[in-house]
Amino acid sequence: MAKKQTAEFIRNRKALLADNPLCHWCGKAPATEADHLIESDREGDDTLDNLVPSCKPCNSRRGATYVNRKTASKTKQRKSN
């Protein structure tokens, strides 16, 4: 989900990626992004406890899956009402 990056997120992303870690999800590709374990719109925050290093493909895939599930849930709720 696109949201404005906070100063805390920018600072923690820099610290998280400082040692050029591998992606938390695939364990193969170099991490280039910080991924939220708990999504921001589900009350996840920008602390280091809620961020993991991620490569672009894994982060994009997780984000798309989350948005698709959220959309499907809303559609299902509308149809049941």
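Cut-offs and rules
- Residues numbered from 1 in each chain as written.
- Predicted model: local features only at pLDDT ≥ 70, side-chain atom pairs only at ≥ 80, totals over all residues.
- Heavy atoms only, no water.
- Helix = DSSP H or I, 4+ residues; strand = E, 2+ residues; numbered from the N terminus.
- Buried < 20%, exposed > 50% of the residue type's maximum accessible area, 1.4 Å probe, protein only.
- Contact = heavy atoms within 4.5 Å.
- Areas by Shrake-Rupley, 256 points an atom, 1.4 Å probe, with all protein chains shown as cover.
- Polar contact = N/O pair within 3.5 Å; in protein donor to acceptor, adjacent residues only side chain to side chain.

*Asks:* What am I meant to see in the overall build of the chain here?
*Replies:* Counting secondary structure elements, the chain contains 2 helices and 2 strands. Helices and strands in the chain line up, N terminus first, as α-β-β-α. Counting only C-alpha atoms and orienting by the principal axes, one finds that the chain spans roughly 50 × 30 × 20 Å. The 81 residues of the chain split such that 28% are buried. In the chain, once contacts between residues fewer than 6 apart in sequence are set aside, the share between residues at least 24 apart is 54%. Here the chain displays about 5,900 Å² of accessible surface, and carbon together with sulfur accounts for 53% of that area.

*Asks:* Explanation requested: the side chain of aspartate 35 in the structure shown.
*Replies:* Considering the arrangement of structural elements, one finds aspartate 35 in strand β1 (residues 33–36). Looking at aspartate 35, its side chain comes within polar contact range of the side chain of tryptophan 25, at 3.0 Å. Only 2.7 Å separates the side chain of aspartate 35 from the side chain of arginine 62, close enough to count as a polar contact. Other than its neighbours up to four places away in sequence, aspartate 35 contacts Trp25, Asn50, Leu51, Val52, Ser54, Asn59 and Arg62.

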